[in-house]
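# Understanding the architecture of this molecule
The primary structure of each chain is shown beneath.
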Amino acid sequence: MSGYRIAVFASGTGSNFQALAEAAAEGRLGGATVDLLVCDKPAAPVVGRAERLGIPTHLFVPKQYGSREEYEAEIVAKLEELEIDLVVLAGYMRLLTSVIVDKYAGRLINIHPSLLPAFPGTNAIGQALDYGVKLSGVTVHFVDGGMDTGPIIAQRAIEVAEHETEESFAQAVHAVEQELYPQVVALFAQGRVKLEGRKVTLLKG
């Protein structure tokens with residue numbers, strides 16, 4: 001198989017999945033194509049998005065397996081079958097084990113709705129607003145098996161307006177996510193992301 005192929009893991013509505021798929025269709029992913037959706041919730045809205053876009057899916061129900069490693073081994077087999085170059089987490093609500101993390105080290109990324117290392121984990125937007133920060137934002141990072149602890153690839157800051165609500169700030173964050181994530185994936189497809197230890201260098205095109 002030719003080209004640069006990505007698989008997107010998602011559990012929910014799939015707005016970032018949609019943004020990536022649209023960017024690929026419009027030639028904004030550096031030549032990359034979205035070749036698979038992996039989803040742990042077969043009834044999630046993202047599955048309908050994939051079907052409408054004609055993108056193949058790998059769906060599974062975790063409780064039907066004996067362990068996380070068991071269903072992840074099945075996922076890895078599918079990724080290898082499709083010769084996936086980059087695994088992109090986009091609202092995938094499960095921690096990954098070494099089965100996937102080790103196999104795709106340096107080729108496994110996630111997007112998080114805060115300026116890491118601030119506010120890792122769930123409800124990052126709510127955490128940031130509760131803390132009273134004046135700036136938050138979005139981080140794209142490598143996945144290393146910890147909770148949002150991998151090396152940082154790209155970040156974009158967003159000012160927190162006076163009287164900001166969690167809902168209004170979430171809208172601002174999602175808009176930035178849908179712009180930044182395709183840009184970062186395009187850099188991978190163009191071979192412009194260099195990782196040394198925890199330092200990530202984005203090479204000029």
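Quick caveat: nothing in here was measured; it's all calculated off a predicted structure.

A word on the UniProt feature "site: Raises pKa of active site His" (unreviewed entry) in the protein. Following the UniProt record, the feature "site: Raises pKa of active site His" (unreviewed entry) maps to Asp148 here. Relative to the assigned elements, Asp148 resides in the loop between strand E6 (135-142) and strand E7 (152-159). Accessibility expressed as a relative area gives 13% for Asp148, which makes it buried. Every residue in contact with Asp148, bar those within four places of it in the chain, is listed here: Asn110, His112, Leu116, Pro120, Gly121 and His141. At a separation of 3.3 Å, a polar atom in the side chain of Asp148 contacts the side chain of His112.

Moving on, we come to the packing of aromatic side chains. Across all of its chains, the model carries six aromatic pairs by this definition. With a centroid separation of 5.7 Å and an interplanar angle of 65 degrees, the aromatic rings of Phe119 and Tyr131 are classed as edge-to-face. In this pair, Phe119 sits in the loop between strand E5 (108-112) and helix H5 (124-131) while Tyr131 sits in helix H5, placing the two residues 12 residues apart along the sequence. Overall, Phe119 belongs to the buried group, its relative accessible area being 15%. When the ring of Phe142 is compared with that of Phe188, the centres are 5.7 Å apart and the planes differ by 80 degrees; the resulting orientation is edge-to-face. Remark: Phe188 occurs in helix H6 (residues 166-189) and Phe142 occurs in strand E6; sequence separation between them is 46 residues. Summarising the burial analysis for this pair, Phe142 and Phe188 share the class buried. Aromatic ring contacts, followed pair by pair, group Phe60, Tyr65 and Tyr71 into a single cluster.

It is worth spelling out the environment of Ala186 at this point. Along the chain, the position of Ala186 falls in helix H6. Taking the relative accessible area as the measure of exposure, Ala186 reaches 9% and is therefore buried. Expressed as a C-alpha distance, the spacing of Ala186 and Leu96, which sit 90 residues apart in the sequence, is 24 Å.

This next bit is on the sheet that holds E7. If you walk across this open sheet you meet the seven strands as E3-E2-E1-E4-E5-E6-E7, and the pairing is mixed. At either end of the open sheet lies a strand with only one pairing partner, and these are strand E3 (57-59) and E7. Between one strand axis and the next, the sheet turns through 20 degrees on average, direction left out of account. Pairing geometry for strand E1 (residues 4-9) and strand E4 (residues 86-89), over four bridges, is parallel. Across the sheet, the residue bridging to Ile6 is Leu86, located in E4. Each of E1, strand E2 (32-39), E4, E5, E6 and E7 touches H6; the most contacted strand, E7, lies at about 155 degrees to it.

In this section: the nonpolar core. The biggest cluster of nonpolar side chains holds 48 residues, and the ones touching the most others in it are Ile6, Val88, Ile109, Val185 and Phe188. The greatest single-element share of this core, amounting to 11 residues, is contributed by H6. Leu82, Ile84, Leu96 and Ile100 belong to the second largest nonpolar core, which has 21 residues in total.

Reading guide: rules and limits
Along each chain, residues carry numbers from 1 onward, in the same order as the chain's sequence is written. Only residues with pLDDT of at least 70 get local features here, since the model is predicted, and only at 80 or more are side-chain atom pairs given and counted; chain-wide, interface and lining totals rely on the full set of residues. Side-chain calculation: all heavy atoms of the structure are included, whereas hydrogens and water are not. UniProt positions are given in the numbering used here, feature names are shortened, and annotations may be inferred rather than shown by experiment. Starting at the N terminus, helices and strands are each numbered in turn, a helix being any DSSP run of H or I of at least four residues and a strand any DSSP run of E of at least two. Buried, partly exposed and exposed residues are distinguished by accessible area as a fraction of the type maximum, computed with a 1.4 Å probe on protein chains only: under 20%, between the cut-offs, and over 50%, respectively. Contact between two residues is taken to exist if any of their heavy atoms lie within 4.5 Å; hydrogens are not considered. N or O atoms closer than or at 3.5 Å make up a polar contact, with two conditions inside protein: a donor-capable atom paired with an acceptor-capable one, and, for residues adjacent in sequence, both atoms drawn from side chains. Two rings belonging to Phe, Tyr or Trp (six-membered ring only in the last case) form a pair when the distance between their centres is within 6.5 Å. Interplanar angles under 30 degrees mark stacking, angles over 60 mark edge-to-face geometry, and anything in between is tilted. Note on pairing: DSSP must find at least two bridges between two strands before they are called paired. Axes, fitted as lines to C-alpha atoms, cover a helix only where it is in contact. Angles between the N-to-C directions of the axes lie from 0 to 180 degrees. The criterion is simple. A nonpolar core is a set of buried Ala, Val, Leu, Ile, Met, Phe, Trp, Tyr and Cys residues joined through side-chain atoms within 4.5 Å.

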